Amino acid sequence: MAKTNAGRFFEDYAVGDVINHAVPRTVSGGERALYHALYPARHALYSSDEFARASGLPKSPLDDLAAFHVVFGKTVPDVSLNAVANLGYAEGRWLKPVYEGDTLRSVSEVIGVKQNSNGKTGVVYVRTRGMNQHDDVVMEYVRWVMVRKRDLDAPAPTPVVPDLAKVIDAKDLVIPEGLDFTNYDFTLAGEPHRWGDYEIGETIDHVDGVTVEEAEHMMATRLWQNTAKVHFDNTARPDGSRLIYGGHVISMARTLSFNGLANAQMIVGLNGGAHVNPCLSGMTIRAWSEVLDKAETSAPGVGAIRLRLVATKGGAPFALRGDDGKYQPDILLDLDYWALMPI
């Protein structure tokens, strides 16, 4: 009996399958420090215990995207080890902050499968929940991934494509218990712009760029224990390149967005997202944002702002799609999310 795991292929998934992923991971202050070193993240709520306490939290949580990467990484050996590409996200919500000392694990349910017309690959849809040591769900999201077939002659399953919400209703966003921005210190946060200063339809060029290095990408994938072959093994792709992990692009773009959105402190909802084109070592990531919506919340001094975050490989800002409706060739990421901001 084989002792090693070759990973699941497309024909190994069936709607309704529940996968309990190995291995639980306890996060520490080192996790936060390394995350900040890789990107480097600067949002004050995730950088300072004192700033977090002044905002009503017991201490500074782990960055929302760092927690996402930990939960995501657990799923890779069972969901996307043999993936061609991770395609998109929907219905993501951060439900509880993750703190130093919390232990995270992941559980996924297969909610859709659809073989591609080439007969060589198919798309698998999973809903993943990240749990802490108390079995509280700290986050949940849907993603879909293109996976290779092991046996090209295996019959195609009956297609099931889940009906996913295009946008999370603002009333369904979960505000961390105790969060209070009434005494928010804009000087320490780094910018004066508050919720009321942003207009729906406004676009923001985040100005800066970061060239992606192979070493940093490899460190990130190892940190999050992402074992997808396309990120590690240069024989896994026909052109011999290693794909930059999509989460690396997300976090880099989010960090770049600090310049213009320093007060968009917490990500609480992921409406949708697509890794539009592959990112490879040597590319320079730039980012711009568009304000899509705004909503009030029940938390004192806290507003919700819906943002589109676009990462490019050096293209002009605000050019998303061509006249044919297709993404411009320089677009790497199109992410639609809700964040919390002081009113």
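Numbering of residues starts from 1 in each chain and follows the order in which that chain's sequence is written. Totals for whole chains, interfaces and linings use all residues, but because this is a predicted model, local features are given only for residues with pLDDT of at least 70 and pairs of side-chain atoms are given and counted only at 80 or more. Values reported for side chains reflect all heavy atoms of the structure, with hydrogen atoms and water molecules removed beforehand.

The next thing to look at is the packing of aromatic side chains. The rule is short: rings of Phe, Tyr and Trp, with Trp giving its six-membered ring, pair when the centres are within 6.5 Å, and they are stacked under 30 degrees, edge-to-face over 60, tilted in between. Throughout the structure, instances matching the rule amount to 12 aromatic pairs. Grouped by ring-pair contacts, the aromatic residues Phe68, Phe72, Tyr89, Trp94, Tyr141 and Tyr245 constitute a single cluster. Note on geometry: a ring has a charge over it if NZ (lysine) or CZ (arginine) is within 6 Å of the ring centre and within 35 degrees of the ring normal. If you follow Arg321 out to its NZ or CZ, it ends over the ring of Tyr327, 3.9 Å from the centre.

Within the secondary structure, Arg254 sits in helix α7 (residues 246-256). For every residue, the accessible area (1.4 Å probe, protein chains only) is compared with the maximum for its type, and the residue is labelled buried under 20%, exposed over 50%, or partly exposed between those bounds. In this charge count, Lys and Arg are treated as positive and Asp and Glu as negative; neither His nor the chain ends contribute. Any Lys or Arg side-chain nitrogen located within 4 Å of an Asp or Glu carboxyl oxygen qualifies as a salt bridge. Of the buried charged residues, Arg254 lacks a salt bridge, with Asp64 as the closest side chain of opposite charge at 4.1 Å. Numbering of helices and strands runs from the N terminus; a helix is a DSSP stretch of H or I covering at least four residues, while a strand is a stretch of E covering at least two.

A few words on empty space enclosed by the protein. A pocket here means an open set of points on a 1 Å grid, computed over the protein atoms alone, that has protein on both sides within 12 Å along at least five of seven lines. A cavity is instead a set of points where a 1.4 Å probe fits but cannot get out; residues with an atom within 4 Å of a point line either one. Grid points are joined across faces, edges and corners, and a volume is the space filled by probe spheres set on the points. The full count for this structure, using the stated rule, is three cavities of 30 Å³ or more. Taken together, 17 residues make up the lining of the largest cavity; nearest its centre are Trp94, Lys96, Pro97, Val98 and Met266. Contributing elements (two or more residues each) for the lining of the largest cavity: α3 (64-79), β6 (137-148) and β8 (266-275). The element best represented in the lining of the largest cavity is β8, accounting for three residues.

Bringing α7 into the picture now. Structurally, the α-helix is built with 3.6 residues per turn, so residues lying three or four positions apart point the same way. For α7, the buried fraction is high: 11 of the 11 residues fall into the buried class. Within α7, burial applies to Gly246, Gly247, His248, Val249, Ile250, Ser251, Met252, Ala253, Arg254, Thr255 and Leu256.

Within the secondary structure, His275 is located in strand β8. What makes His275 buried here is its relative accessible area of 18%. What qualifies as a polar contact is a pair of N or O atoms within 3.5 Å, subject to a donor-acceptor requirement within protein and to the restriction that residues adjacent in sequence count only when both atoms come from side chains. Only 2.9 Å separates the side chain of His275 from the side chain of Tyr89, close enough to count as a polar contact. In this structure, His275 is in contact with Asn86, Leu87, Tyr89, Gly246, Gly247, Ile250, Leu332 and Leu333, ignoring residues within four places of it in sequence. Any two residues whose heavy atoms approach within 4.5 Å at even a single point are treated as in contact.

So, on to the packing of α3 against α7. Where α3 contacts α7, the two axes come as close as 11 Å, and the packing angle between them is 175°. Relative to α7, α3 is oriented roughly antiparallel. Residues Asp64, Leu65 and His69 of α3 lie in contact with α7, whose contacting residues are Gly247, Ile250, Ser251 and Arg254. Residues are grouped as follows: Ala, Val, Leu, Ile, Met, Phe, Trp, Tyr, Cys and Pro are nonpolar; Asp, Glu, Lys and Arg are charged; every other residue, Gly included, is polar. Looking at the contact of α3 with α7 residue by residue, the class counts come to two nonpolar, three polar and two charged. Axis lines are fitted through C-alpha atoms, for helices just across the contact stretch, and the angle between N-to-C directions can take any value from 0 to 180 degrees. In this scheme, roughly parallel covers angles under 35 degrees and roughly antiparallel covers those over 145, while 65 to 115 is roughly perpendicular and the rest are oblique.

As a further point, take the environment of Arg242. Relative to the helices and strands, Arg242 resides in the loop between α6 (229-232) and α7. Since its relative accessible area comes to 24%, Arg242 is described here as partly exposed. With near-sequence residues (within four places) excluded, Arg242 lies in contact with Glu214, Met218, Val230, His231, Phe232, Asp233, Asn234, Cys279 and Leu280.

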